[in-house]
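Analysis of the macromolecular model
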Protein chains: 2
Amino acid sequence: MVKASRRRPAAASASAPFARVFIEAVSPELDGGRHPVKRLVGEELAVGADVFKDGHDLLAARICYRPSGETEWRYAPLTYDFNDDRWSGAFLLHRIGRWTYTIEAWTDVFGTWRSGLEKKHTAGLDVASELLEGAMLVEQAARCAKGDARVALDRAAARLRGEDGDGALPSSSVDPPSDAPAVRGARTNVDAHRADVTARVAAALAPELLGLVEQYLPPHGLTRYDHELEVIVDRERAGVAAWYEMFPRSQGTRPGQHATFREAERRLEEIAALGFDVVYLPPIHPIGRTHRKGPNNSLQCGPDDPGSPWAIGNEHGGHTAVEPALGTLTDFEDFVARAGELGMEVALDYALQCSPDHPWVTEHPAWFFIRPDGTIKYAENPPKKYEDIYPLDFWCDDFDALWTACRDVLTFWIARGVRIFRVDNPHTKPLAFWEWIIAEVQREHPDVIFFAEAFTRPKPMKALAKVGFTQSYTYFTWRNDGAELREYLTELTTTEMAEYFRGNFFVNTPDILHEYLQTGGRPAFQVRLLLAATMNPLYGIYSGYELCEREPLHAGSEEYLHSEKYEVRVRDWHAPGNLNAEIATINRLRREHRVLQGRTNLTFHPTENAHVLFYSRDDGAHRDDLLVVVNLDPHRPQETMVTAPLAALGLGADAPFVVEDLLSGERYTWRGPRNYVRLDPAVRVGHVLRVVRA
Amino acid sequence: MVKASRRRPAAASASAPFARVFIEAVSPELDGGRHPVKRLVGEELAVGADVFKDGHDLLAARICYRPSGETEWRYAPLTYDFNDDRWSGAFLLHRIGRWTYTIEAWTDVFGTWRSGLEKKHTAGLDVASELLEGAMLVEQAARCAKGDARVALDRAAARLRGEDGDGALPSSSVDPPSDAPAVRGARTNVDAHRADVTARVAAALAPELLGLVEQYLPPHGLTRYDHELEVIVDRERAGVAAWYEMFPRSQGTRPGQHATFREAERRLEEIAALGFDVVYLPPIHPIGRTHRKGPNNSLQCGPDDPGSPWAIGNEHGGHTAVEPALGTLTDFEDFVARAGELGMEVALDYALQCSPDHPWVTEHPAWFFIRPDGTIKYAENPPKKYEDIYPLDFWCDDFDALWTACRDVLTFWIARGVRIFRVDNPHTKPLAFWEWIIAEVQREHPDVIFFAEAFTRPKPMKALAKVGFTQSYTYFTWRNDGAELREYLTELTTTEMAEYFRGNFFVNTPDILHEYLQTGGRPAFQVRLLLAATMNPLYGIYSGYELCEREPLHAGSEEYLHSEKYEVRVRDWHAPGNLNAEIATINRLRREHRVLQGRTNLTFHPTENAHVLFYSRDDGAHRDDLLVVVNLDPHRPQETMVTAPLAALGLGADAPFVVEDLLSGERYTWRGPRNYVRLDPAVRVGHVLRVVRA
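We now turn to the structure provided with this report. Since the structure is predicted, the reported quantities are computational estimates derived from the model, not experimental observations. (Residues numbered from 1 in each chain as written. Chains lettered and ligands numbered in written order. Predicted model: local features only at pLDDT ≥ 70, side-chain atom pairs only at ≥ 80, totals over all residues. Heavy atoms only, no water.)

The next subject is the overall build of chain A. For chain A, the count of helices and strands is 16 helices and 29 strands. Viewed in the frame of its principal axes, chain A has a C-alpha envelope of about 120 × 70 × 60 Å. Counting only residues that meet the buried cut, chain A has 56% of its 694 residues in that class. Counted over contacts in chain A with a minimum sequence separation of 6, partners at least 24 positions apart contribute 74%. Element-wise, carbon and sulfur atoms account for 51% of the exposed surface of chain A, whose accessible area totals about 28400 Å². In chain A, which carries 78 positive and 99 negative side-chain charges, the distance between the mean positions of the two groups comes to 3 Å. (Helix = DSSP H or I, 4+ residues; strand = E, 2+ residues; numbered from the N terminus. Buried < 20%, exposed > 50% of the residue type's maximum accessible area, 1.4 Å probe, protein only. Contact = heavy atoms within 4.5 Å. Areas by Shrake-Rupley, 256 points an atom, 1.4 Å probe, with all protein chains shown as cover. Lys, Arg positive; Asp, Glu negative; His and termini not counted. Charge placed at Lys NZ, Arg CZ, Asp CG, Glu CD.)

Now the structure itself:
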């Protein structure tokens, strides 16, 4: 014999109330709500959900959202699409910060009742009972209303009950006796009753009443989705910017001589004129002396060698000090101010590691890894050793103080006007640390941008973006043929990555001079510039790129010969063959054409030659779509037919149309989808085409 | 000036400790862990996860799992696959119930140290400090060990320190002075030192030591995934069964006369001989009298009309009573017992609605919807009315008592030997109710099976499966052409649905006589039987199917003429043209061939004629793969070339091979992938082919 459980439903409902409505598949939602998605200020967040319940009742649903710092929910409606059985809506992200959103749904009892009344009345059924039910709903709404609304609702309820005194029959005579004989007098009575019911139904279905009841009737069976989701709303420059990386010490005019911030400042006007938005500086702090690296990363270092800026700290200070050879903190602040006057921002490098001469080494030895003999461990990746660098132990017993000190480094520079940090090797520090410090800083400074310099496996790179990094380096430098570019850009722009991972397409870095650039000559530099700047709203170059510098440390290496990491390199920025004009043009196009500022509006189109890549940037309204054709082969002319997306461009199937190359100003007449393109790298590597519209 | 926040990291960690390891994308996981997945007892649950942390340390990870009722975790290892940067493992589900599982990961400090030691020693670097670090780890393990293990670990630690007294140098002389002159005596000393270090390294790398340390060293930075996930483990019949639906009142021998359970019992032997596993009965309870429906759902009901069994309840009782015309509760129990003797189970209908004569109507009027005039509302879908049915108000003020009463109905029948409930129209009752009642019942009776009869939109059907229904009706009856079948089966077997949605392919029901059957003659019945039984491990027929009953209420209707829902229908089960032999054969094949019991081992293969469907059921080891070819056209012979998956079958590209049709015993010699098939529905509608292996 089986013993029946005596557990009552209430026991289950004590901890969590039963959901009256089922809400699921809310989008966007990352990893079951564990991580925030990202948007830019001024954008709308489109939200979708599956919402349903048992039976045939009509439902209603809304988005609940609040900007960071607010405690009251705001609401935006969700509307139902029958075709995909899905609810969707959107709300405007009008200011930066970390916003919260979720979904609420409820039974639309008045709408359900109204729809049933209409159907039954149309079918000629008796609706006396329905009218009384409706009156009760209207009265319920009236009790929540005040003033005119209350009066109107009370009056409507009386009308539904037939008690409004407008000559209607008293409600006791609403139902004609079903067995009444069909004599003349009775018939008149029945006709009057019918007319009255029809009038009451019309009153019940009045749109004004619907609006009032929707406003005041409390949602029935209101159910909240069980997760509050987050969206990080960043300022526009977090998502749209052209970056220029430079070593300030190389910005002088005397060959080999270490420049100061005052000298570097003189270059800012030129960089602004090229159209860049962000000037990123490798670490500007005092450089360690112990095991300092010499030219080309040699272990021998001469007395005048400046060392790598990433070996941070010496007797002049650590992460909050300025290398004396660059000048003073005030000089740096002037540099930042001058950049600001020119419409640019300065990004600093945030490299959490220390040279053996860093003040923390003596002040806080407990923050480092200690060997059994009591000495501090240098960095290593066995059997490789990096004796000029001490890594920090982020899980040391004193980690609380260490994390706070790391946070205080950021607040120190924030106080000096810096709002962008390019974070060195974040994948070698704990994800929990980044999640904490980014939230900690952005709580007070939501305008601060964190740019993750992680070149590692895809999953840890994605995880850094999920825990809060605003932007991320990408594999772009290693994606050089058409298939690779198509696959990678498709992943970045059409998968879940688009929700949280903002790639910044650097064409080179002090660590990465790709073989494509080494061997492709000046056209290779033009190709990669054109791709980076027109495929993605965030891109950057490391100085020297505009001079097509391309000599590797040795064959097969991606390191530069005489890398600026270890030497001062003074250049002639106007040397023959420079790309300044091309850069200025492309940066101007990026500012003038909003389609180039989008992150998910890229579509690839067919070509008949694997060397030629063809894609569009779509504005969604045919006003400013751009078509980009690029010859990826820097060595030889390539020709092909490209297939233009006529329907997407709003063009007829067979009419001729004119496209204008925004790079050269030249115009071409195309007809139909397939059109001929020939690109000779000696002349041009690509077109950025605009359809000329009447 | 910006004010730096004084919030310290510890404040953040007070509520949730910082995760040392990042664990995400755990599979299987439904909707962020909100719903359980499903498996059958005896299966393994394969679990995967992304696991990583900062830097280059080696990691280790494991599955933590526990069967329902156990409080201690059990563990199964996860292993790392470099190719997809993913961890995977599995554990055996050895008993039914609701199991919990999650993931733990930690830093493999000993493995990391061991790997670094090996690399450094191989590179000829000094490892004295590393050996001391290793000794400290081994000592830490020793402190957690006892007996022999502790002795062995202590000894190993001493060996690593060079303090084991085996003639090694005292540790103070381990490091030879780096400025020692290279005289003969010193060199000997250095050689001896080298030999000693090599021996200590060998001891450190010994596999025995690795095993001991892994066993006893506490996991470092142990991190638990933030969700505990669930898997419902069902008994085999929940996932593999052939169902037979019949109205017991029609199982007599005298035309038009209401049969009893005793008479119906006589048919069980025949049904068992046909190879069915489950006999499902429409409601067996007393049938309401008020507004009872007559033949063909008419509103006029004669005095001898039996009424619809779904109008439950009259003066003889409600959901826990047996219709007197069927016999007594004891007769029912005997019927169940007899089915059990024959290796079958009886499934009852669980239809939560009441006729106006149900005892609950007078005992608990508060459980129903009340109209303003105090009467109880009948069911309706405006403007349609169902006056013979009162729906229950699952959110009435007294819902606690109502839900408990509904639960008690189930426990009543469970106590009488019933373990399978086919639930009528669950989509018209709250999902929260089903989630509660299924968990409530299965807590004490994990062998109880709930089968959802919901024919509604895809999302609510999926939701019912997610909240706990063991099996679900499907759209199979409406998927008749090849493209529809391919698409639907692909969704059921290859998407997330495979994790939680077990479709039961009924070929007909008392409500669904598809046009394909109405117009396709006997071959149509053969086709649909063959498809249902060989595509899916769960299928069923409603009695009359074997006689190819196909007369609709009217053209365009899926209702049967003289539907058994409203009339007693006594049949000659051996009438000419019956499908008994075909059914017995196919049910035998389903029992003999385990591949036909799988749920996700279906693969479609090409044919060159849209009327011919070709698929395989794969056992993963080429032992018992079956190939099924079906002519979906019941009217005409169809011929085509079918493309066999030779590689998947383990066959060479061009050698001849013999296939045997398990339905007819005939053999065919095929060669290469493309082979000819002709199926004449007058002779046969399909083949179930087995490759004859030497």
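Residue and element names in this part refer to chain A. Tracing the backbone shows Ile96 in the loop between β6 (86-92) and β7 (97-107). Exposure remark for Ile96: the relative accessible area of 24% places this residue in the partly exposed category. C-alpha of Ile96 to C-alpha of Lys385: the two residues are 289 residues apart in sequence and 43 Å apart in space. For Ile96, the contacting residues outside a window of four places in its chain are Val41, Val233, Asp234, Arg235, Pro446 and Asp447.

Tallied over the entire structure, the rule returns zero disulfides over all chains. Looking at the unpaired Cys301 of chain A, the closest cysteine sulfur is the one in Cys354 of chain A, lying at 19 Å. (Disulfide = S-S within 2.5 Å.)

Once that is clear, we can look at the sheet that holds strand β23 (residues 612-617) of chain B. The strands making up a sheet associate through backbone hydrogen bonding, with each pair oriented either parallel or antiparallel. Residue and element names in this part refer to chain B. Taken in spatial order, the six strands line up as β22-β23-β24-β29-β26-β27 in an open sheet, and their pairing is antiparallel. The open sheet has two edge strands, β22 (602-604) and β27 (667-671), and neither has a second partner. Direction aside, the axes of adjacent strands within the sheet are offset by 30° on average. As judged from the four bridges shared by strand β26 (residues 656-661) and strand β29 (residues 686-692), these two strands associate in the antiparallel manner. Looking at the pairing, Glu660 lines up with Arg690 of β29. Sheet contacts for helix α14 (residues 482-494): β22 and β23; angle to β22, the most-contacted strand, approximately 145°. (Pairing = 2+ DSSP bridges. Axes fitted to C-alpha atoms, helices over the stretch in contact; angles between N-to-C directions.)

With that settled, consider the nonpolar core. With 162 residues, the main nonpolar core has Phe332, Tyr350, Trp434 and Tyr539 of chain B as its most contacted residues. In terms of residue count, helix α15 (residues 515-535) of chain B provides more of this core than any other element does, eleven residues in total. By size, the runner-up hydrophobic cluster in this structure holds 161 residues, among which are Trp403, Phe505, Leu579 and Val688 of chain A. (Core = buried A, V, L, I, M, F, W, Y, C linked by side-chain atoms within 4.5 Å.)

Attention now moves to the relation of the copies chain A and chain B. In screw terms, the move from chain A to chain B is a rotation of 180° and a rise of 0.0 Å along the axis, fitting with an RMSD of 0.1 Å. Between the two chains, the operation in question is that of a two-fold axis. The position closest to the rotation axis in chain A is occupied by the C-alpha of Gly32 of chain A, lying 2.1 Å away. Mapped onto chain B, 100% of the interface residues of chain A again fall at the interface, so both copies present the same surface. (Least-squares fit on C-alpha atoms with pLDDT ≥ 70 in both.)

All names here are of chain B. The buried fraction of strand β12 (residues 345-350) is high, at six of six residues. Pairing geometry for strand β11 (residues 278-281) and β12, over four bridges, is parallel. Directly across from Leu281, in β12, lies its bridge partner Leu348. A crossover links β11 with its parallel partner β12, the connecting element being helix α9 (residues 329-341), and its sense is right-handed. (Right-handed = clockwise from strand over helix to strand, strands pointing away.)

In this section: the interface of chain A and chain B. Taken together, the contacts link 79 residues of chain A with 79 residues of chain B. Of all residues in chain A, Arg34, Trp395 and Lys459 of chain A bury the most surface against chain B, accounting for 10% of the area lost on that side. Joining chain A to chain B, the criterion identifies 14 salt bridges. In this structure, the connection of chain A to chain B is made through 24 residue pairs in polar contact (both at pLDDT 80 or more). With ten residues, the single largest contributor to the side of chain A that touches chain B is helix α11 (residues 399-415) of chain A. Split by residue class, the side of chain A that touches chain B holds 32 nonpolar, 14 polar and 33 charged. (Buried area = accessible area lost by both parts, 1.4 Å probe. Salt bridge = Lys/Arg side-chain N within 4 Å of Asp/Glu carboxyl O. Polar contact = N/O pair within 3.5 Å; in protein donor to acceptor, adjacent residues only side chain to side chain. Nonpolar A, V, L, I, M, F, W, Y, C, P; charged D, E, K, R; others polar.)

All right, on to helix α2 (residues 109-122) of chain A then. For the α-helix, the turn length of 3.6 residues means that residues three or four positions removed from each other point alike. Spanning 14 residues, α2 of chain A covers 20 Å between terminal C-alpha atoms, matching the ideal 20 Å at 1.5 Å per step. Turning to α2 of chain A, its buried residues number three or more, namely Phe110, Gly111, Trp113, Arg114, Gly116, Leu117 and Lys120 of chain A. (Expected span 1.5 Å × (residues − 1).)

Looking now at the packing of aromatic side chains. Within this structure, the stated rule accounts for 90 aromatic pairs over all chains. The interplanar angle of 70° and the centroid separation of 6.2 Å between the aromatic rings of Tyr350 of chain B and Trp434 of chain B together place this pair among those described as edge-to-face. You can see Tyr350 of chain B sitting in strand β12 and its partner Trp434 of chain B sitting in helix α12 (residues 431-444), a full 84 residues away along the chain. For Trp434 of chain B, a relative accessible area of 0% corresponds to the buried category. Aromatic side chains Trp403 of chain B and Phe433 of chain B sit 5.2 Å apart centroid to centroid with 80° between the ring planes, which places their arrangement in the edge-to-face category. One end of the pair, Trp403 of chain B, is in helix α11 (residues 399-415); the other, Phe433 of chain B, is in helix α12, and 30 residues separate them in sequence. Taken individually, Trp403 of chain B and Phe433 of chain B each receive the classification buried, so the pair is uniform in this respect. Aromatic ring contacts, followed pair by pair, group Phe18 of chain A together with Tyr350, Phe394, Trp395, Phe399, Trp403, Phe421, Phe433, Trp434, Trp436, Phe450 and Phe469 of chain B into a single cluster. One cation-aromatic arrangement involves Arg66 of chain B over Trp73 of chain B; the distance from NZ or CZ to the ring centre is 4.0 Å. Sitting over the ring of Phe476 of chain B, Arg528 of chain B keeps its end group 4.0 Å from the ring centre. (Phe/Tyr/Trp six-rings, centres within 6.5 Å; stacked < 30°, edge-to-face > 60°. Lys NZ or Arg CZ within 6 Å of the ring centre and 35° of its normal.)

All names here are of chain A. Counting through the fold element by element, Gly275 comes out in the loop between α8 (268-273) and β11 (278-281). Taking C-alpha positions, Gly275 is 9.4 Å from Trp243, a pair spaced 32 residues apart along the chain. Once residues lying within four places of it in the same chain are set aside, the contact partners of Gly275 are Ala242, Asn587 and Arg591.

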